[in-house]
Amino acid sequence: FLRTRNCPCKMSQLPPKSPLASLVSEGTNSRVEALDNLSMDSFWLEVENIKQSAEAEQEECSLADVKTQEEGEAEAEWLQDAGLSELLGDRDSDNDNLVLLSTLTQTQAAAVQRRLDTYSRSRRRKNKHPVRDVRDIFAVASSEETAAEKEKSNPDPLWQNLQTANAQRKTQDYSCTVRNPGKEEVFNMDIAYSEQAAVLLKGSFLSESRKLKDGNGLTKFKIVKGRLGVTRIGDLSAQDMKKIPTLALIELTALCDILGFELKRNKAAKLKTTEKRLFGVPLNTLLENDQKLLPSTKVPLLLQALLSCLEKRGLETEGILRVSGSQTRIKSLEQKLERDFYNGLFRWDEVHQNDVSGLLKRFIRELPAPLLTAEYLPAFAAVQNIPDLKQRLQALNLLILILPEPNRNTLKALLEFLSKVVARESNNKMNLWNVSTVMAPNLFMHKGLPNKIPEGKEKQLAEGAADVVRMMIHYQDLLWTVSSFLVAQVRKLNESNSKRYQFCDKRIKNLLRKIHADKDKVEKNQAEPLKIVKVHASVFLKDSLEVHLNNATRAADVLRQFQKNLCQNGWNIVNTVSLLKCNNSIECTNLLLYEVGGNIGERCLDPDTYLLDLYHINPHAEWIIKQNPSYSWMF
């Protein structure tokens, strides 16, 4: 990618496209043509700055040797990462693998089937012991059987359920997916993205050219709020969030299969040890050290300090991020930070803003592994090849969910800061595209990754990388949302695990029948017009709140009722200080309602969650009012 510029740091390689991706070149070329009017000068200037910094430390910029994977090895790694090692013949593995299969959609099941078929063929060629036939467990049609033949020959409940669900989805109205320039579009998170894509491919797939616009000209999307509300990253318990990356990986693979793209992943690189304490230190190590000082730390303290300094003194600076500070000063400041940061002796007020922005970009580049991870950096780069904007955002949403928590939290902190820079465009002259072109090389170029870029593709890949960064900045609220269909799959996993069955191949069908029988019972209960439940707030009150639920009762209504009772009825308040603000008033915005237990670990409820619907979905949960963590610093 940067071969003509003699830079030892190169952009990660894009995965090759499958022959099915016939629509890609048209969509990509239209975007590239539209981007001609948007200057890439900032991108190439940043590349030159990185080159100058790297030339002074050539010994640190050697490319890592990457072993070529043998046939079937990538599929085996994928199945393991997807939580399906049971299908590789590991009979001693956790039985949760079988439970996971029961939650998959048809497109997700087909994605698993393809990887297992490829792995099985490679094992047979090597004369290894045969792996388990996925049809014995999974009941999904192989490539040699049609869906109709499979349904007749093996009427497995799981297969029939998937077929029925798919037939029902075909009747859904997908008109919201058709591009409507100038108007706000609906972003559907209730139905799996791969299922939506499958329906579009069978109908009228969007392929018209789209001109990229900057800032306010970008398409606006609105997430459809279902009856259970919207779930943001951070709303789920750590236990439930651990299940999300596996489900997101399967869904992303299914989406790429439908769109005709091959999802390539790098092998995780072995990280070199360093004697430094800040720069060039793995994120996990940084956080472990920082948490010894502040246990609740989720973003490295150094990064927080850099962003805070820039927010206080740099947001109004013209050309911030684009104008490079002195490389000599930046290197000297890095050494001072290594020595004085943790003892509090570093003087931030003496550092020029452009040097701080240089330190910020250097911190990101010097991470031993890319912030977007070595494994998924090619996938992030490949998002630009998806012709439809909505589907690009769907892929990005899944990739962000796959990221390890330290990477995801750090990326969010960075993107929030970049949004603040863009918001001050009138003063700092840095619009969304300027910021994106400056930051793209720092996120997509890494000294530890190999690169093979086709001749003449440098400009297209550079613009595509900047466009991906632009989407992450502009649509970060949407991207940091956990899709409703993924939350539903987590609930199914928890329901199945709570039954504590000792699974074996012969009992999987009995399990599925039990799950569907329980579901039918819940559906029968939905006819109940009124329900009385208790809401607990033991942190504040000795008494619980009795709530009468009807079809219109929302979480926000319960919080208002709680606030009203506190003010009017003189309840026995345990912790008044935690509830009162400076004006001695109680605001329900300080409080949040959670569902805890049942088929979810813990979930912070959207204010627009309809509680009777939630009760029917999770009748065994407790509802607890807690203080909003973002307000705790005020009291």
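Note: the structure precedes this text.
Residues numbered from 1 in each chain as written. Predicted model: local features only at pLDDT ≥ 70, side-chain atom pairs only at ≥ 80, totals over all residues. Heavy atoms only, no water.

**Here's the deal with the overall build of the chain**
In plain terms, the rule: Working definition: helices are DSSP H or I runs of at least four residues, strands are E runs of at least two. Numbering for both runs from the N terminus. Relative accessibility thresholds used throughout: buried, under 20% of the residue-type maximum; exposed, over 50%; partly exposed, between the two (1.4 Å probe, protein chains only). The contact criterion used is simple: two residues touch if any of their non-hydrogen atoms lie within 4.5 Å.
In terms of regular secondary structure, the chain is built from 26 helices and 11 strands. Here the chain holds 635 residues, and the buried ones make up 54% of them. Within the chain, contacts between residues at least 6 apart in sequence are counted, and of these 79% link residues at least 24 apart.

**Remarks on the nonpolar core**
We count it as follows: The criterion is simple. A nonpolar core is a set of buried Ala, Val, Leu, Ile, Met, Phe, Trp, Tyr and Cys residues joined through side-chain atoms within 4.5 Å.
Of all hydrophobic cores here, the largest spans 129 residues; its most connected members are L321, F380, F444 and M472. Contacts of F380, omitting those with residues within four sequence positions, involve L372, L396, L399, I400, L403, F444, V468 and M472. Counting residues in each nonpolar core, the second largest holds 21 residues, with L549, A555, F562 and Y615 among its members.

**So, the environment of A82**
By the secondary structure assignment, A82 is in the loop between helix 3 (73-81) and helix 4 (96-101). Of the residues examined, A82 reaches a relative accessible area of 0% and is grouped as buried. The sequence separation of A82 and I250 amounts to 168 residues, and the corresponding C-alpha distance is 6.3 Å. Residues within four places of A82 in sequence aside, it is in contact with L100, T246, L249 and I250.

**Side note on helix 3**
Formally: Note: the arc covers the axis-to-C-beta directions of the helix.
Along helix 3, the residues classified as buried are E75, A76, W78 and L79. All buried residues of helix 3 lie within an arc of 160° about the axis, which places them on one face of the element. Buried positions along helix 3 lie against helix 5 (106-125) and helix 11 (244-259). Two residues or fewer past helix 3, G83 is found with a positive phi of approximately 75°.

**Some thoughts on the pattern of salt bridges**
Basically, it comes down to this: Every case where a carboxyl oxygen of Asp or Glu lies within 4 Å of a side-chain nitrogen of Lys or Arg is listed as a salt bridge.
Here the structure, examined in full by the defined rule, presents 25 salt bridges. With a shortest N-O distance of 2.7 Å, R560 and D557 are connected by a salt bridge. With R560 and D557 both in helix 25 (residues 555-568) and three residues apart, this pair spans about one turn of that helix. The exposure class of R560 is partly exposed, given its relative accessible area of 40%. Relative accessible area serves as the criterion here: at 25%, D557 is assigned to the partly exposed category. Close ionic contact of R603 with E595 constitutes a salt bridge, the shortest N to O distance being 3.1 Å. E595 carries the same exposure label as R603, and that label is buried.

**A look at the packing of aromatic side chains**
As a reminder of what qualifies: Pairing of aromatic rings covers Phe, Tyr and Trp, the last counted by its six-membered ring, and requires centre-to-centre distances within 6.5 Å; plane angles under 30 degrees mean stacked, over 60 mean edge-to-face, and any other angle means tilted. Charge-over-ring contacts are defined here by two conditions on Lys NZ or Arg CZ: a distance within 6 Å of the ring centre and an angle within 35 degrees of the ring normal.
According to the stated counting rule, one finds eight aromatic pairs in the structure shown. Ring geometry for F341 and Y342: centres 5.2 Å apart, planes at 70°, overall edge-to-face. Taken together, the ring pairs in this structure connect F187, Y193, F221, Y475 and F485 into an aromatic cluster. The aromatic ring of W78 is capped on one face by R115, whose charged end is 5.7 Å from the ring centroid. Its guanidinium or amino end placed over the ring of Y594, K626 lies 4.8 Å from that ring's centre, counting from NZ or CZ.

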